[in-house]
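Given next are the chains, with one letter for each unit.
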Amino acid sequence: MTKEKSHEEKEKNKEEKKTRSKATKTEETQETPNVPETEGAANVDSKVEEPPKDELAESNAENFIFQSEVQQLLHILIYSLYKHKEVFLRELISNAVDALNKVQFESLKNSDIEDKDLDFKIEITIDKDKNKLIIEDTGIGMTKQELIDNIGTIAHSGTLDFVKKVTQSNSSDKMDLIGQFGVGFYSSFMVANEIHVHTKSFHKGSHGYLWKSKGGNEYTIEEKGKQNRGTRIELFLKEDETEFVGIPRIKNIINQHSKFVPFPIIVEKEKIESVDAIWTQPKSKLQEKDYNDFYRFFQNANEDSETYLHLSSDAPVQFSSILYIPKSNSEIYGWIKSDPGVDLYSKKVLIQKACRDILPEYFRFIKGVVDSEDIPLNISRETIQSDLKVNKIRKFVLKKIYDHFIDIKTKDFEKYLKIWKNFQRNFKEGVPNEYEHREQLASLLLFYSSKSPKDQYIDLDKYVERMAKDQFEIYYAIGNEYESIEKNPALEAFKKKDLEVLYFIDPMDGWVIDHLQQYKGKMFRPVEAADIKLDEKEKEQNPELTKKAEDLASYLKVIFGDRIEDVKVSQRLVDSPCILVNAKDAPSIQLERIMRLQNSKADFSKKILEINPDHKLIIEMTRIHKEKPDSEYLKLLGLQLLDNMILREGVTEDVESIIPRIHDIMLQAAQKA
Ligand code: ADP
């Protein structure tokens, strides 16, 4: 169900698969070559040419080779010791539901479909004597090409991920992965040693086809007259898998995994009780367990959601919706960007899976259902976007989601932290394009801060609440980690003045703030660019030392030449000898460093070096400058002072000249010791 991909991706995949499956067909007369397990059959370079119809007799079934990933997958599944093999039935039923959803949708749009009057249903029959289990649906069916594309290759990117992961993991983890990924149709090979798929597409006048495989490297397809539209999957069960021809066992599996299926399921002529679309039921009738069961069902999840939201409205637009925030985020592991998580229904008929027009893209991690009887069934993808009613629903839902997040943050910060840790990148990603709810989105952002213990987040409201009376800006410092920001000399004056500074550790933070600019009327200001000066009292400054340091500053400016914009006497330093700050309006040094990480050729803007007139090292340097203005040693110290600051920023400009210079300084220090 929701495992399905977005339309665009599917189209792309189809194209890819077409090319792959063309390459994997063997010559009709030729024996199937023995393809090594890991090497693709793509080497077999013969073209599929549609044979004339009369050649497609049963005796003349065509041989095909599975895509190499499918071969790997089948090998894993056939020899699998996975404990919960019954999941295969959930997967087959879920595919049948998809197929029924699609044909239901087609039949509402278009009257010209095969077997128009056939009921939408799933039938399960058992042949105990032959140890055979049959799952039949009256869904959309498959054409011959679709058979090749869909069940000769891997249709689902999650399954490809599975194959990748499973080949890298040890055997006990492998088994868990089967449960987590839900490997679709192929999971039936855990229980069956041969599978037949009879199918007939919904296109008017389609032929029936029979797909057969024993799970090795190959399968066959032949034309065989299936009577009705839909798909019948026959599982010839392995000898020891007799439990799946037991009716009570089958009913039990369906109750456990498939009770929300929106079409009748009939087991040996008896209809199984199912639960009606829960989003249309009144909240008062539903328990937490109902919501969780539904979530596990439609997400194929093996854990509950973190939280959920059940919404309904009658005016101005009728709709009902259940939305879930999951407990984990697959994107964190660097997997591909997930599809939108909301499916759009009209009167319980699925109109569009993974609908892009309900929630903004950055909220793609929110999973659920929106159902509105005001949306016409024949609405097209293109018109959904501009549909006024859809727009109203979108507005309403988005507002409720923000209220929900803010409510959790206020009432249960621990819970909010879990959501934040999983989805902070999504929230941040939203900032540039979210105009209507920008302030709310900003209020959901969390940061580390100089006034909170390490690893403890605060939000911007907390910062604003703690601001000093005469403070008008929100100060922040960027760095790789908490400790390195703490040691940033630019923070010394802030600490002395008891001003709070936000610590931006996530590389996205600086970028987010560039877009946000302000929060509740307070501008964001990097510490290096802030006009923070320690006054005489705070600094106990000695005017004479300041004067001497000014001379040293002029000297340093000469020896640095055009490497630096200016050298000044600092009014912000307490413990450090010097600091590198930005010229006005330049991006912060750390931000530039991040830009540098992404593009090693990015130019740095010229900086200002500020020296601390009260620091012992600066005092000594001013002394040397006074006594021996052209001292070579002073020049070495000066050059090293600047390079130390550059090194501190994590940008090693010219290590080859820095190290010999340090050695030189050390030598001269040693000679004096
Ligand atoms: P997934 O369902 O995750 O896409 P599967 O391997 O289970 O992956 O199925 C692959 C594809 O085969 C489906 O996407 C669908 O196009 C097709 N398919 C499977 N079962 C059916 C069915 N009962 N009716 C029609 N098409 C089906």
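Residues numbered from 1 in each chain as written. Predicted model: local features only at pLDDT ≥ 70, side-chain atom pairs only at ≥ 80, totals over all residues. Heavy atoms only, no water.

**Considerations on the sheet that holds strand β21 (residues 566-569)**
(1) Moving on: Taking strand neighbours across the sheet as the criterion, the three strands line up as β21-β23-β22 in an open arrangement whose pairing is mixed. The outermost strands of the open sheet, each flanked by one partner alone, are β21 and β22 (578-582). Sheet twist, expressed as the mean angle between neighbouring strand axes with direction ignored, is 30°.
(2) Moving on: Of the pairings in the sheet, the one linking β22 to strand β23 (residues 607-611) comprises five bridges and is antiparallel in character. Note on β23: the bridge partner recorded for Cys-578 is Ile-611.
(3) Moving on: Sitting on the sheet, helix α21 (residues 632-648) is in contact with β22 and β23, with an inclination near 60° to β22. (Pairing = 2+ DSSP bridges. Helix = DSSP H or I, 4+ residues; strand = E, 2+ residues; numbered from the N terminus. Axes fitted to C-alpha atoms, helices over the stretch in contact; angles between N-to-C directions. Contact = heavy atoms within 4.5 Å.)

**Some remarks on the nonpolar core**
(1) Moving on: Core analysis: the biggest nonpolar cluster contains 76 residues, and Leu-359, Phe-363, Ile-366, Ile-401, Phe-405, Phe-427 and Leu-502 have the highest contact counts within it.
(2) Moving on: Not counting residues within four places of it along the chain, the set of residues in contact with Phe-427 comprises Phe-363, Phe-365, Phe-405, Tyr-416, Ile-419, Trp-420, Leu-441, Leu-444 and Leu-445.
(3) Moving on: Of all hydrophobic cores here, the second largest spans 72 residues; its members include Ile-151, Tyr-186, Trp-211 and Leu-237. (Core = buried A, V, L, I, M, F, W, Y, C linked by side-chain atoms within 4.5 Å. Buried < 20%, exposed > 50% of the residue type's maximum accessible area, 1.4 Å probe, protein only.)

**Observations concerning unusual backbone geometry**
(1) Moving on: The linkage connecting Ala-315 with the following residue, Pro-316, adopts the cis geometry, with an omega of 0°.
(2) Moving on: As for its position among the elements, Pro-316 is in the loop between β10 (307-313) and β11 (319-325).
(3) Moving on: One non-glycine residue with positive phi stands out, namely Asp-455, at about 70°.
(4) Moving on: You can see Asp-455 is positioned in the loop between β15 (446-449) and β16 (458-459).

**Comments concerning the environment of Ser-443**
(1) Moving on: The topology assignment puts Ser-443 in helix α12 (residues 438-444).
(2) Moving on: Taking relative accessible area as the criterion, Ser-443 reaches 6% and is therefore assigned buried.
(3) Moving on: Each C-alpha atom, one on Ser-443 and one on Leu-460, is 6.0 Å from the other, the two residues being 17 residues apart in sequence.
(4) Moving on: Residue contacts for Ser-443: discarding those within four places in its chain leaves Ile-406, Lys-409, Asp-459, Asp-461 and Tyr-519.
(5) Moving on: Side-chain polar atoms of Ser-443 contact the backbone oxygen of Gln-440, separated by 2.7 Å. (Polar contact = N/O pair within 3.5 Å; in protein donor to acceptor, adjacent residues only side chain to side chain.)

**Quick word on the packing of aromatic side chains**
(1) Moving on: Counted by the stated rule, this structure contains 38 aromatic pairs.
(2) Moving on: Centroid distance Phe-319 to Phe-396: 5.3 Å. Interplanar angle 80°. Geometry classified as edge-to-face. Taken together, the residues span a long stretch of sequence, with Phe-319 in strand β11 and Phe-396 in helix α10 (residues 388-411) at a distance of 77 residues.
(3) Moving on: On the basis of relative accessibility, which here comes to 2%, the residue Phe-319 falls in the buried class.
(4) Moving on: Taking NZ or CZ as reference, Lys-672 lies 4.5 Å from the ring centre of Tyr-633, over its face. (Phe/Tyr/Trp six-rings, centres within 6.5 Å; stacked < 30°, edge-to-face > 60°. Lys NZ or Arg CZ within 6 Å of the ring centre and 35° of its normal.)

**Focus on the packing of helix α18 (residues 543-560) against α21**
(1) Moving on: Contact geometry of α18 with α21 gives a least axis separation of 10 Å together with a crossing angle of 80°. The angle between α18 and α21 places the two elements in the roughly perpendicular class. Within the contact between the two elements, α18 uses Leu-552, Tyr-555, Leu-556, Ile-559 and Phe-560 and α21 uses Leu-634, Lys-635, Gly-638, Leu-639 and Leu-642.
(2) Moving on: The residue makeup of the contact of α18 with α21, split by class, is eight nonpolar, one polar and one charged. (Parallel < 35°, antiparallel > 145°, perpendicular 65-115°, else oblique. Nonpolar A, V, L, I, M, F, W, Y, C, P; charged D, E, K, R; others polar.)

**Details of the packing of helix α11 (residues 413-430) against helix α16 (residues 508-516)**
How two helices sit against one another is set out by the angle between their axes and by the gap between those axes.
(1) Moving on: Between α11 and α16, the shortest axis-to-axis distance is 9 Å and the interhelical angle comes to 30°. With respect to α16, the axis of α11 lies roughly parallel. Viewed along their axes, α11 and α16 form a crossing whose handedness is left-handed. On α16, the residues that touch Arg-425, Lys-428 and Glu-429 of α11 are Met-508, Asp-509, Trp-511 and Val-512. (Left-handed = near helix turned anticlockwise from the far one by under 90°.)

**Examining the environment of Ser-274**
(1) Moving on: Checked against the element boundaries, Ser-274 lands in the loop between β9 (270-271) and α8 (288-299).
(2) Moving on: Since its relative accessible area comes to 35%, Ser-274 is described here as partly exposed.
(3) Moving on: Along the backbone, Ser-274 and Lys-259 are 15 residues apart, and their C-alpha atoms lie at a distance of 4.9 Å.
(4) Moving on: The residues touching Ser-274, leaving out its near neighbours within four places in the chain, are Lys-259 and Val-261.

**Description of the side chain of Gln-104**
(1) Moving on: Following the sequence through the fold, Gln-104 ends up in helix α3 (residues 87-109).
(2) Moving on: Other than its neighbours up to four places away in sequence, Gln-104 contacts Phe-120, Phe-263 and Val-349.

**Regarding the environment of Gln-424**
(1) Moving on: Its location among the elements puts Gln-424 in helix α11.
(2) Moving on: Using a relative accessible area of 14% as the deciding quantity, one classes Gln-424 as buried.
(3) Moving on: Measuring from C-alpha to C-alpha, the distance between Gln-424 and Leu-445 comes to 7.6 Å, with 21 residues separating the pair along the chain.
(4) Moving on: Those residues in contact with Gln-424 that lie beyond four places of it in its chain are Ile-419, Tyr-457 and Asp-506.
(5) Moving on: Within the local environment of Gln-424, its side chain forms a polar contact with the side chain of Lys-428, the two groups lying 2.8 Å apart.

**Topic: the sheet that holds strand β13 (residues 349-352)**
(1) Moving on: With mixed pairing, five strands are arranged side by side in an open sheet as β10-β11-β14-β12-β13. Pairing within the sheet leaves two strands with one partner each, and these edge strands are β10 and β13. In this sheet, adjacent strand axes meet at a mean angle of 20° when their direction is disregarded.
(2) Moving on: Bridging between β11 and strand β14 (residues 367-371) involves five bridges; their strand directions are antiparallel. Each bridged residue has a counterpart across the sheet, and for Ser-320 the counterpart in β14 is Asp-371.

**A look at helix α20 (residues 616-627)**
(1) Moving on: Taking 1.5 Å as the rise per residue, α20 with twelve residues should run 16 Å; its terminal C-alpha atoms sit 17 Å apart, in good agreement.
(2) Moving on: Along α20, the positions that sit buried rather than exposed are Ile-618, Met-621, Thr-622, Ile-624 and His-625. End-on, the buried residues of α20 take up no more than an arc of 160°, which puts them together on one face. Opposite the packed face of α20, turned more than 90 degrees from it, sit the exposed residues Lys-616, Lys-626 and Glu-627.
(3) Moving on: Packing partners of the buried residues in α20 comprise α18, β23 and α21. (Expected span 1.5 Å × (residues − 1). Arc of directions from axis to C-beta.)

In short, shape yes, function no, at least from these values alone.
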